[in-house]
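# Breakdown of the fold
What follows is each chain in one-letter form.
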Amino acid sequence: MKPIIISIFILLYSVVIFSQSAEVHGKITDVTNNEPVAFANVIVAGTNIGATSDFNGEFFITGLAPGYVKLQVSFIGYKPAFSADVLVSNSSIPFVEIKLEPTQELLNEVVVNADPFDKVLEAPLSMQSIRVKEIESNPGSNRDISRVIQSFPGVGSTPAFRNDVLIRGGGPSENRFFLDGIEIPVLNHFSTQGASGGPVGIINADFIQSVDFYSGSFKASSYNALSGVLDFKQKEGSKDKTNVQFAIGASEAAFTLDGPIGEKTSYIFSVRRSYLQFLFSAIGLPFLPTFNDYQFKLRSDIDEKNKLTVISIGSLDNLKLNTGIEDPDEGQEYILNQIPINNQWSYTFGIVYNNFFKNGYHTLVLSRNMLNNEFYKYPNNDENQPKNFDYSSSEAENKFRYELSLNNKGFKYNFGINSEYAKYYNSTSQEIFLDDSLINLKYVTDLNVVKYGFSGQVTKSVLNSRLLISLGVRFDGNSYNKEMSNLLNQFSPRFSMSYALTEQISLKAGFGRYFQQPAYTTLGFRDNAGKLVNEDVAKYIGVNQYTLGVEYQFAKPVLVSVEGFYKDYFQYPIDLITGSSLANQGADYSSVAGASPVVFSGKGRATGVEFLNRVNFDKLTVLTAYTYVRSLFTDLKGDYIASSWDSRHLLTITGYRDFKKNWRMGLKWRFVGGLPYTPYDLETSAYVEAWDAKGQPYLDFNQLNSLRFKPFHQLDIRVDKNFFFEKWTLMVYVDIQNLYNFQFKGQDYIIREKNPDGSYMTIDNGTKYVLKSVPNASGTVLPTIGIMVKI
């Protein structure tokens, strides 16, 4: 294969056009009132190439060498700013909008002094801005943002092939995701309901302009999150010509189209379909996943004062079992018996309307999202028998949000209200082995919930802009029960500040009390009599988070920061069946997180310290992140137990280097301390009734997370090469995951012994199976090739 790849590169190199004919089109506006900023100075960072914006704030820069560029903008009366990374080529003209923030300081001359490490005023700490170049080139991530953020401090990961977002010791259900200001509850294909994880992200990286990642200091307008908020900003479609892109990646093929619709409107649209089912079938894997998704954005500048954005994103997923495997080995047999068939689809559709005035703007957001989820399982995958697990549910939310943003005399204000109407349906039929007897749990839920909230925030720089203070508050409630309907029970204050000791050193601190509604799977859980089991006890889950940090910027491209955090959880639900906190759930393909009777008396604490070193030179980017974290939650007895995310040590080193002729190479090495796990209850698991009900062993929750895996570490590398032709662009990458073939030893598989005739061996008059332990080692060198063609 190596000679073939080299031959292709040589052939392409011999015909590629290296003329500097790329260009970029953009517009400079005032962030407060959207008015165009005329005569602003725009240059390509690291060069003397640039332009000046016209009366409409627009500019063209031509004669650029193809590749990624970043634009610097400056104008008297405004803070200097950088654009996001922009890929320019001979075949397309990207459109970039750069918003400038007014400054109270008088400038005698224009001096470009922008900070390359973007920050949000309302969140001066516990926030990272992720560039599109970092997303595109992150080794081992396959352009999936859920994996890219694992390079940043406080973000944990698991050795499993999943995208669980684990932030500062919190579980995968504690995060929220926004796409151009619209919440998208589903971030991954085959998403675990009641959490956020899954194997593959649904957001197409071709749409992403930048991502703001918050691990604390949430803005008051952000709600229903305990650990993290990811705020995605999408690219605009081209204003000048229609562009077409085809891509073949590690797991899917994609088609993307963008361009103008008249003078004031642009669009971008994509569809993707996986081909994993063919690869998995060919190599004999026991499950066959198929996923599809689409993404769409339309932006219309009605006039200078009015802007309309329409977005939509959706997925369609099917997981089948590869029951056609002849003589499956022990590992294949375990997986076939464990995993249910899963059909899932989701969509989000939203409209954002902005109306600007002299000192601010109104934002009106209307959206609808829906998740439909189906699981079912036959005993021993025998479709002639009745299902022992049959689950079908849907979650639909209709949302309204209004925000007023104002700038007045150096104060920045934001006020907001939001409301939602949610409908949750669930039909469950499941065999459960509990207290040495078999129970058939069967219920139907049809639940309607109205949610509402209010927020306000004010931000101000004082002491000659050395001290930045931001104060916020929000209230949330819903109609589920009396406890949660009272807004005062969910009073959520938040405070953050930054003080510049010198031009290079800043002290930062923050506090926030955040609330999150329990999952619909918990709120809608019923017993066989049809009673909502958790209705009388349900409360919002809460956390108080304290953060203190220091930041030292050696030079403009080099940043070092240290942050300590303490998270104090309260009112966390505890499963009355297992006695464990629901904080431990959410990283399992075959379960629905939170569907159980609970009590809201749980507590938790996550403490840690984060170290970050970011280096952003023109041709070299290095990101080093280390986190020490402890994560513990109480069980039903009130004892603090290490959570399933208590990895203790997280270390990631990520680096990229640009070379001549549009070559780029990157590497990522990550180390994750051993995670706790719960041993099996082999005595219970051996009962025929128990095993047949679940198809897998039972955990011994009396020894919850009493054992710990060995640490996990992995090296990924990636090489990119871009070929810029006169009318089209070819982008090729080779990505190799787990380069040195690290083998991770997971919890052993437990399977049933068989007789010579293929029947399962039993003892004690046929009441118990004879169980067998099978080593579970995973890890392989995984090379992939990606190809993208842009026309």
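About the criteria used
- Residues numbered from 1 in each chain as written.
- Predicted model: local features only at pLDDT ≥ 70, side-chain atom pairs only at ≥ 80, totals over all residues.
- Heavy atoms only, no water.
- Patch = residues over 30% accessible without salt bridge, like charges linked within 9 Å, V, L, I, M, F, W, Y side chains within 5 Å.
- Areas by Shrake-Rupley, 256 points an atom, 1.4 Å probe, with all protein chains shown as cover.
- Salt bridge = Lys/Arg side-chain N within 4 Å of Asp/Glu carboxyl O.
- Buried < 20%, exposed > 50% of the residue type's maximum accessible area, 1.4 Å probe, protein only.
- Helix = DSSP H or I, 4+ residues; strand = E, 2+ residues; numbered from the N terminus.
- Core = buried A, V, L, I, M, F, W, Y, C linked by side-chain atoms within 4.5 Å.
- Contact = heavy atoms within 4.5 Å.
- Pairing = 2+ DSSP bridges.
- Axes fitted to C-alpha atoms, helices over the stretch in contact; angles between N-to-C directions.

Attention now moves to a nonpolar patch on the surface. A contiguous nonpolar surface patch, about 500 Å² in accessible area, is contributed by Leu501, Leu507, Val550, Val562, Val609, Phe611 and Tyr628. Assessed through its relative accessible area of 35%, Val609 is described here as partly exposed.

For the rest of this paragraph, the subject is unusual backbone geometry. A positive phi is found at Ser217, a non-glycine position, where the angle reads about 50°. Within the secondary structure layout, Ser217 lies in the loop between strand 17 (208-214) and strand 18 (228-234). Ser217 sits in the buried class, given a relative accessible area of 8%. Even without glycine at this site, Asn381 takes up a positive phi of about 60°. Note that Asn381 resides in the loop between strand 25 (360-377) and strand 26 (389-408).

On to the nonpolar core, then. The biggest cluster of nonpolar side chains holds 29 residues, and the ones touching the most others in it are Ile130, Ile135, Ile145, Ile203, Val211, Leu230 and Phe232. Of all the secondary structure elements, the ones that give two or more residues to this core are helix 3 (145-148), strand 13 (175-179), strand 17, strand 18, strand 23 (306-321) and strand 35 (620-634). The element that contributes the greatest number of residues to this core is strand 17, accounting for three residues. For Ile130, the residues in contact, after removing those within four places along its chain, are Ile135, Ile145, Val148, Ile149, Phe152, Ser210, Val211 and Phe213.

Within the open sheet, the three strands sit side by side as 4-1-9. Their pairing is mixed. The open sheet terminates on both sides in strands that have one partner only, identified here as strand 4 (58-64) and strand 9 (95-100). Sheet twist, expressed as the mean angle between neighbouring strand axes with direction ignored, is 25°.

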